[in-house]
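Here is what each chain is made of, one letter per residue.
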Amino acid sequence: MNSYVDQETGVFPSVCSLDCPDQCGLLIHKEAGKIVKIEGDPAHPVTQGAICNKVRHMAERIYDPNRLRYPLKRTGKKGERRFERISWEEAIDTITTRWKRLIAAEGAEAILPYSFYGNMGMLGTEGMDRRFFHRLGASRLLYTICQAAGTEGYGYTMGGSFGIDPEDTVHSKLIIMWGINAVSTNMHQVMLAEKARKNGATVVVIDVHKNQTGRWADWFIPVLPGTDAALALGIMHILFAEQLVDEDFLREYTVGHEELRQHVRQYEPAVVSSITGVPKEDLYRLARLYGQTSPSFIRIGNGPQHHDNGGMCIRTISCLPALTGQWLKKGGGAIKGNSGYLAHHASALQRPDLLRKPTRRINMNELGSALLELEPPIRSLYVYNSNPAVVAPHANKVRQGLQREDLFTVVHDLFLTETAAYADIVLPATSSLENTDFYRSYWHHYVQLQRPVIKPYAESKSNVDVFRLLAQAMGFEEPAFQDTEEEMIRQALDHPGNPHLADVTYETLAEKQFVKGRVKPLLPGKLPTPSGKIELYSRTMERRGFPPLPTYTPLAGDGDLPFLFIPAPNHNFLNSTFAHNEKHVRLEKAPKLHMNEADAAALGITTGDCVRLWNDRGECELMAIAGEDVLPGVVVTQGLWADSPGSKTLVNALTPDRLADMGGGAVFFSGRVNVEKVQYRK
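How each quantity is defined
Residues numbered from 1 in each chain as written. Predicted model: local features only at pLDDT ≥ 70, side-chain atom pairs only at ≥ 80, totals over all residues. Heavy atoms only, no water. Pairing = 2+ DSSP bridges. Helix = DSSP H or I, 4+ residues; strand = E, 2+ residues; numbered from the N terminus. Axes fitted to C-alpha atoms, helices over the stretch in contact; angles between N-to-C directions. Phe/Tyr/Trp six-rings, centres within 6.5 Å; stacked < 30°, edge-to-face > 60°. Buried < 20%, exposed > 50% of the residue type's maximum accessible area, 1.4 Å probe, protein only. Lys NZ or Arg CZ within 6 Å of the ring centre and 35° of its normal. Expected span 1.5 Å × (residues − 1). Contact = heavy atoms within 4.5 Å. Parallel < 35°, antiparallel > 145°, perpendicular 65-115°, else oblique. Left-handed = near helix turned anticlockwise from the far one by under 90°.

Engineer: How should I be thinking about the sheet that holds strand 18 (residues 437-440) in this particular structure?
Structural biologist: Within a sheet, each strand pairs with its neighbour through backbone hydrogen bonds, oriented either parallel or antiparallel. If you walk across this open sheet you meet the three strands as 18-19-20, and the pairing is antiparallel. Each edge of the open sheet is held by one strand with a lone partner, namely strand 18 and strand 20 (514-516). Pairs of neighbouring strands in the sheet enclose a mean axial angle of 20°, with direction left out of account.

Structure follows, in structure tokens:
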């Protein structure tokens, strides 16, 4: 594979690696072999040269003096951050020697890989790593922390992760951003919405917090956490009652519309208002706006699915476009995700055939319990593309597990993260701009190629390279471990089962940098549901013990503490990425707790006060912001802040690790806390 490494000066195409739906095309400027500027690629049809601050400042992260330069071995107690330099040879030998001994004594299932999509490159996240751990026979991780609940719920309605082409949303006349802070997490959808707004579109935002997206909207509707399904059902009630549904569409393209018509009668506006906190008159206004405006588009965000009832919530919202026939309109319909269109040949890339016998599966949301309670126990943890000490729920429990002296932990990362502080061996990782990989967006319809732009930093290595070394040291002789990156890309894209990838080959990517999937509108046509239609009534759900019709279920119990707690994302971090960067920390200023001014007044709290929030899982101390951006009884934080001496900002110490109703998803937003004023510490 050609790279741009040997070209010392010039401008080179690239792609943003961050876990973000936009997946921007980039141009990397180099002088004397070093990156001096990162800008958006104006030739990219969707991102069109616009990028966020996180990407614009990526070079500072790549050349950060705190970046890991060579492998490390722990010399102090776990968590003390005392390490000494070792060679790659010693690191690989130490890891594989421990693993061989462990496998002989307790079996390979005593080893658990833990990763996610800190880098969205497909080779680095589900390529040689999956091959290696399949062949090893390690315990298998269930990747459920982000979209699992909503993906399952949406799939019951639509058959998979399929929505409209975001490029078509410039034609929408009503855009509903539901549970997504798009200004911070999907900025190009905002750009497309701005184009639609110039053509007369109205933008409505439904969320638990009036964040930057809520302030940008034409109309912001605050809703109580976990009640989004009730709001959607209330809209359905009014649409049917006022004959604002498309009867022809329902007959032709759906199953269960008559059952749904009867079912939603119970969701009377007064009842829905009492559940959601949305005034009855606003509910009528919203339903009529949706029923009378076409084309209308709903951008379904990640937020609502991070509840106990998250899967059913997304399932319910996803039924709305069918009621008014929006899927036949250009610019009408919904997007939860679009990854179904660009699905690569996962088996060819991951090689599950290398797994010699079934192994246990461990939900990543239950990492703390897995490390402390699972039998037979986990004896070794290998972490890459993730920082579970900060991002995993019930974080104090996770850290208690990481503290185990009998847990042999390896972390492969760019920095000595909070998780790496507990490692026995730390390996330096390359950045995406030092790797060969391919990327596919889960929002737009383009696949993109990444060729190395700069040489690996110091002694850092890619995931692909490290797992090759581990496989060699373990004595794995299968040809799958000898495949080059180019060969792996070819294998992944050779997928006759997905006709949308027909135009996406290694050759076309090498020539054009990005290639659009061969995607056409969902309807008219046959959906990949059992009936081939939009399933308002799902017999599959019925067989699996779920209500077959969209239903509102209150959140599960989380004690009787007074405040629903929402740890939302902020504008300048992406999960824990960038939380260690001084510039991004300055932009965010300080970790804050947003609360309703009436709640604050009742507790004697004013803006700027230091407040303590706690439950039986942990505690935090943050700066209060009192106002009207959240409803009474709700508190919201933004961002996952880095550990610092004396700070108490670990918001995931408060989040529950129980599982959502579907997909084993996370319930970050279904926790409860108490709040009190403390002496402010400057």
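Following the structure, the description resumes.
Engineer: Got a minute to help me understand the packing of aromatic side chains in this structure?
Structural biologist: Two measures describe an aromatic ring pair: the distance that separates the ring centres and the angle between the ring planes. For the structure shown, the criterion picks out 19 aromatic pairs. Ring centres 5.6 Å apart and planes at 40° place the aromatic pair F132 and F476 in the tilted group. Pair noted here: F132 is in helix 5 (residues 128-136) and F476 is in the loop between helix 21 (463-474) and helix 22 (485-493), with a separation of 344 residues, a long-range link. By the burial criterion, F132 is buried, and F476 matches it. An aromatic cluster is defined as three or more aromatic residues linked by ring pairs; in this entry it consists of W99, F132, F133, Y382, Y384, F467, F476 and F481. Looking at R85, its charged tip hangs above the ring of Y70, at a distance of 4.0 Å from the centre. Taking the ring centre of W88 as reference, the NZ or CZ of K461 above it sits at 5.4 Å.

Engineer: Before we go on, may I ask you to explain the pairing of strand 12 (residues 296-300) in this structure?
Structural biologist: Consecutive side chains along a regular strand alternate between the two faces of the sheet. Of all five residues in strand 12, five are buried, a share of seventy percent or more. The pairing of strand 8 (residues 174-178) with strand 12 spans five bridges and is classified as parallel. When the sheet's bridge partners are listed, M177 is paired in strand 12 with R299. Two elements, strand 12 and strand 13 (residues 333-335), share three bridges in a ladder whose sense is parallel. Residue I298 lies in a different strand from strand 13, and its bridge partner there is A334.

Engineer: Would you take a moment to explain helix 8 (residues 187-198) for this structure?
Structural biologist: Residues separated by three or four positions in an α-helix point in the same direction, a consequence of the helix having 3.6 residues per turn. Its 12 residues place the ends of helix 8 17 Å apart at the C-alpha level, agreeing with the 16 Å of an ideal helix rising 1.5 Å per residue. Those residues of helix 8 lying buried are H188, Q189, V190, L192, A193 and A196. Check the buried side of helix 8 and you find it contacts strand 8, helix 7 (182-185), helix 9 (212-216), strand 12 and strand 13.

Engineer: What exactly am I supposed to notice about the packing of helix 6 (residues 148-158) against helix 15 (residues 310-317) here?
Structural biologist: Packed helix pairs are specified by the crossing angle of their axes together with the interaxial distance, meaning the distance between the axes. As a packed pair, helix 6 and helix 15 sit with axes 7 Å apart at the nearest point and diverge in direction by 40°. Considering their axes alone, helix 6 and helix 15 lie oblique with respect to each other. Considering only the axes of helix 6 and helix 15, their crossing is right-handed. Judged by residue contacts, A149, G150, G153, Y154, Y156 and T157 of helix 6 engage G310, G311, I314 and R315 from helix 15.

So yeah, pure geometry; function would need other evidence.
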